[in-house]
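# Coordinate inspection notes
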Amino acid sequence: MDLGVRWKLHGDGRTPAPGAVVRPDERLSWPRTAGLGAQHVVAMFGASFVAPVLMGLDPNLAIMMSGVATVVFLLATRGRVPSYLGCSLSFVGVAAVIRADGGSSATVTGAVFVVGGALFLVGLAVRRFGARIIHAAMPPIVTGAVVMLIGFNLAPVTASTYWPQDQWTALFVMLFTGLAVVCLRGFWSRIAIFLGLVFGYALSWALDRIFGRIHSADAGGRITEHWRLDLSGVGQADWIGLPTLHGPSFEWSAILVALPVVIALIAENAGHVKAVGEMTGDNLDDKLGTAISADGVGSMLSTAVGGPPNTTYSENIGVMAATRVYSTAAYWAAAGFALLFGLCPKFGAVVAAIPGGVLGGITVILYGMIGLLGAQIWINAKVDLRNPLNLVPAAAGIIIGVGNVSIEFTDTFSLSGIALGTLVVITGYHVLRAFAPAHLKTQEPLLDEGTSSYDTGGDGDGQRARS
């Protein structure tokens with residue numbers, strides 16, 4: 001069985017030839033391959049390190065399980081789809097809502113474990129019936145609206161939790177990160193979040209030396225005098241050790257909040273597979289179902305031991321486009337580095353010590369970008385918001401999600417925010433479509449226009465793309 005772990009040396013092993021790319025089944029020299037792997041880990045900083053901190057989970061365990069999930073993904077796709085898996089920021093809002101309702105870390109990981117299981121089943125369905133089943137249930141207007149409400153639902157978290165801890169540091173970090181994203185080029189622009197964190201660390205340290213302690217809310221929300229940058233945990237942490245594990249806990253209220261993220265993950269996977277296929281020149285249509293299922297398995301493995309879920313991430317696309325290296329050997333190297341980082345508690349302590357003000361500046365941009373990805377889905381699919389069939393369910397669902405509107409069914413069961421907003425978008429669209437006049441029922445492109453070439457067959461029956 002070909003598991004995609006054999007690579008031919010590309011050219012002289014140093015750099016791609018002019019106009020050429022290093023294909024997934026090729027590699028550069030092993031030292032260069034290792035360097036590229038480390039580069040991918042750094043580029044994934046926002047997902048692999050910041051997201052788990054925002055979710056209240058162990059960053060050491062997060063980075064270790066991202067390596068495990070990457071290995072699972074590469075084996076499942078047999079080395080045809082280069083990708084490093086990290087925690088999708090779509091889950092941050094879910095964790096915030098669950099914790100606001102009194103949920104623990106076990107409750108968070110239990111809810112997300114179910115999301116991983118649902119994603120696995122969706123992948124199997126796509127393998128069997130083709131990607132058109134995704135479009136039938138979740139056309140672009142629905143997908144974009146759900147992604148948008150998930151991102152914008154996070155706005156109160158930044159406004160009430162992180163920004164008040166140090167408003168001036170948050171402001172300067174936001175400005176610096178924005179400049180890094182816009183003004184830098186190539187690899188440096190891909191690690192703008194990482195650079196913003198480094199800048200925030202340095203700024204917080206300098207402000208502590210110049211002005212002393214700050215009188216503001218701490219990480220627990222209490223108004224106290226405290227250092228902006230507290231590195232006491234770093235000194236106490238060991239250099240080598242295993243991360244802390246815990247099992248998931250399952251509660252229906254938390255699961256219902258988390259399930260809408262499945263829609264965002266399907267969109268992310270479809271876009272990733274299509275983009276990699278276009279850049280490498282390979283037709284990867286037959287691998288969408290496998291990629292979705294692999295993400296689901298990786299997420300279940302991680303959350304089963306207390307880590308965050310893992311999925312494909314757009315930073316990979318940027319690094320591959322900048323280097324023209326699509327070798328899956330680099331991703332095996334990245335997975336190896338992730339496992340090593342996970343065994344260093346001191347590294348995790350540095351990540352966990354990110355000042356609240358720094359997170360305030362970073363999350364203003366990150367959360368907004370999540371929400372606007374929904375708008376990007378609409379633009380790519382040419383969704384017509386002048387059509388009331390599209391406009392009404394999206395408008396209602398987004399306001400419900402962002403405003404955290406709630407409906408109480410019993411004293412112990414209610415739906416609100418992300419879960420209720422998603423339900424309104426999906427059911428609202430399909431119910432309205434059933435009663436809408438024929439001229440409003442226009443044919444829309446599939447998901448992100450990247451799945452329209454799928455046949456109705458599955459991975460196993462020699463599925464071929466239509467020209």
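Residues numbered from 1 in each chain as written. Predicted model: local features only at pLDDT ≥ 70, side-chain atom pairs only at ≥ 80, totals over all residues. Heavy atoms only, no water.

The secondary structure content of the chain amounts to 21 helices and six strands. By the burial criterion, 54% of the 467 residues in the chain qualify as buried. Of all intrachain contacts in the chain linking residues separated by at least 6 positions in sequence, the fraction that spans at least 24 positions is 78%. (Helix = DSSP H or I, 4+ residues; strand = E, 2+ residues; numbered from the N terminus. Buried < 20%, exposed > 50% of the residue type's maximum accessible area, 1.4 Å probe, protein only. Contact = heavy atoms within 4.5 Å.)

Let us now look at the packing of aromatic side chains. Counted by the stated rule, this structure contains four aromatic pairs. Ring geometry for Trp 7 versus Trp 30: centroids 6.0 Å apart, planes at 85 degrees, classification edge-to-face. Highlighted residues: Trp 7 in the segment before β1 (8–9) and Trp 30 in helix α1 (residues 30–43), separated in sequence by 23 residues. Residues Phe 341 and Phe 347 carry aromatic rings whose centres are separated by 4.5 Å and whose planes lie at 25 degrees to one another, so their mutual orientation is stacked. One residue, Arg 209, lies across the ring of Trp 227, its end atom 5.6 Å from the ring centre. Against the face of Trp 239 rests Lys 346, its NZ or CZ located 5.2 Å from the ring centre. (Phe/Tyr/Trp six-rings, centres within 6.5 Å; stacked < 30°, edge-to-face > 60°. Lys NZ or Arg CZ within 6 Å of the ring centre and 35° of its normal.)

The periodicity of an α-helix, 3.6 residues per turn, causes residues three or four positions apart to be oriented the same way. Between its first and last C-alpha atoms helix α3 (residues 59–76) spans 25 Å; for 18 residues at 1.5 Å apiece the expected length is 26 Å, and the two agree. Along α3, 13 of the 18 residues are buried, which leaves the element largely enclosed by surrounding structure. Regarding α3, its N-cap is Asp 58, as a side-chain oxygen of that residue lies 2.9 Å from the backbone nitrogen of Asn 60 further along. Just downstream of α3, Arg 78 is the residue with a positive phi angle, here 55 degrees. (Expected span 1.5 Å × (residues − 1). Polar contact = N/O pair within 3.5 Å; in protein donor to acceptor, adjacent residues only side chain to side chain.)

The next subject is the confidence of the model for the chain. Confidence in the prediction of the chain, expressed as mean pLDDT, is 82, and 89% of residues score 70 or more. Of all secondary-structure elements in the chain, the lowest mean pLDDT belongs to helix α16 (residues 314–323), at 66, while helix α5 (residues 105–129) reaches the highest, 93. Note that residues 445–467 has pLDDT below 50 and, in this model, 67 contacts with residues that lie over four places away or in other chains. (pLDDT = per-residue confidence, 0-100.)

Moving on to the packing of helix α14 (residues 261–280) against helix α15 (residues 288–304). Interhelical geometry of α14 versus α15 gives an angle of 130 degrees and a closest axis separation of 10 Å. By the angle between their axes, α14 is oblique relative to α15. Regarding α14 and α15, the two cross each other, and that crossing is right-handed. Along its contact with α14, which presents Asn 269, Ala 270 and Val 273, the element α15 presents Leu 288, Ala 291, Ile 292 and Asp 295. Each residue belonging to the contact of α14 with α15 can be placed in one class, and the counts come to five nonpolar, one polar and one charged. (Axes fitted to C-alpha atoms, helices over the stretch in contact; angles between N-to-C directions. Parallel < 35°, antiparallel > 145°, perpendicular 65-115°, else oblique. Left-handed = near helix turned anticlockwise from the far one by under 90°. Nonpolar A, V, L, I, M, F, W, Y, C, P; charged D, E, K, R; others polar.)

Take the nonpolar core next. In terms of nonpolar packing, the biggest core is built from 94 residues, with Met 55, Tyr 84, Val 92, Tyr 367 and Trp 378 touching the most fellow members. In terms of residue count, α14 provides more of this core than any other element does, ten residues in total. Residues within four places of Trp 378 in sequence aside, it is in contact with Pro 140, Ile 141, Gly 144, Ala 145, Met 148, Val 383, Leu 385, Ala 394 and Ile 398. In terms of nonpolar packing, the next biggest core, distinct from the first, is built from five residues, Val 22, Leu 28, Val 325 and Ala 330 among them. (Core = buried A, V, L, I, M, F, W, Y, C linked by side-chain atoms within 4.5 Å.)

Going through the model one piece at a time under the given rule, you end up with five salt bridges. The partner of Lys 8 in a salt bridge is Asp 25, and the shortest N-O contact between them spans 4.0 Å. Of the two residues, Lys 8 sits in strand β1 while Asp 25 sits in the loop between β1 and β2 (26–27), which places them 17 residues apart along the sequence. Among the charged side chains, a salt-bridge network with shared partners connects Asp 166, Asp 208 and Arg 228. (Salt bridge = Lys/Arg side-chain N within 4 Å of Asp/Glu carboxyl O.)

So, on to α15. Spanning 17 residues, α15 covers 24 Å between terminal C-alpha atoms, matching the ideal 24 Å at 1.5 Å per step. Of all 17 residues in α15, 14 are buried, a share of seventy percent or more. Of the residues flanking the end of α15, it is Gly 306, one or two places downstream, whose phi is positive at about 105 degrees.

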